[in-house]
Amino acid sequence: MDFYLVLADIMDRKHLTIPEVARLCGLSDSTVRSIFDRKQKKIALNVAFKISEGLGVSLDELNTGIKPLEEKEPPSPEKSELGEDQELSKEDEELYLSLRAVLEKAKIVAPGEPLSPDQAQRVIAILQLIRLLFDKGTEKH
C-alpha cells in the first residue's frame, strides 16, 4: 500500500491533523504535507522512524498498512476512563486524545493503556486550564 494512504489511515484513526503529526514526530509541517502532496509511495527510513515513534505505530504497519494484532487503540475516554457524569464535547475529546498522544510520546503512559478515572480527571483539568490560558474562557480567536 502507498505510504501516504497508510499515513492517512493512521491519522484518521487517531484523529490527527498534519500539524499535529508533524509536532508529535519532530518533523516540519512541510515534510508531512509533502507526503500527501506528492502521493509518496515510499519515504526515507529516518522519516519512517520518526513517524513510527511519534505516532506509536510499528514500522511494519507503516510499511504494510496492516495493524499488528497486539497493538491496541487508545480507548475512547467517554467509554472507559471518564466517570459516568463526565462527558466531553467532540472538540474536547480531540484535545483529550491529542494530550494522550503527548503522554504516550513522553512515555508517561503506555500506548493503549487506559487511564484511571483520577488520571482522566487530571487530563480534563489540564485541558480546562489550557483553554483558560489560551482562549480566555470560551472566546474563539
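Each remark here, short or long, concerns the structure printed above.
Treat the numbers as computed from the prediction; the structure is a model and nothing was measured. (Residues numbered from 1 in each chain as written. Predicted model: local features only at pLDDT ≥ 70, side-chain atom pairs only at ≥ 80, totals over all residues. Heavy atoms only, no water.)

### A look at the overall build of the protein
Each helix and strand in the protein was counted, giving 8 helices and 0 strands. The long-range fraction of contacts in the protein, counting pairs at least 24 apart against all pairs at least 6 apart in sequence, stands at 57%. Surface exposure of the protein reaches about 8,900 Å², of which carbon and sulfur atoms provide 56%. (Helix = DSSP H or I, 4+ residues; strand = E, 2+ residues; numbered from the N terminus. Contact = heavy atoms within 4.5 Å. Areas by Shrake-Rupley, 256 points an atom, 1.4 Å probe, with all protein chains shown as cover.)

### Some thoughts on the environment of Y4
Topologically, Y4 is positioned in helix α1 (residues 3–14). Through-space distance from the C-alpha of Y4 to that of K39 is 5.8 Å; in sequence the pair is 35 residues apart.

### Quick notes on helix α3 (residues 29–37)
Within α3, burial applies to V32, S34, I35 and F36. Contact partners of the buried residues in α3: α1, α2 (18–25) and α4 (45–55). Of the residues trailing α3, K39 is marked for its positive phi of about 50°. (Buried < 20%, exposed > 50% of the residue type's maximum accessible area, 1.4 Å probe, protein only.)

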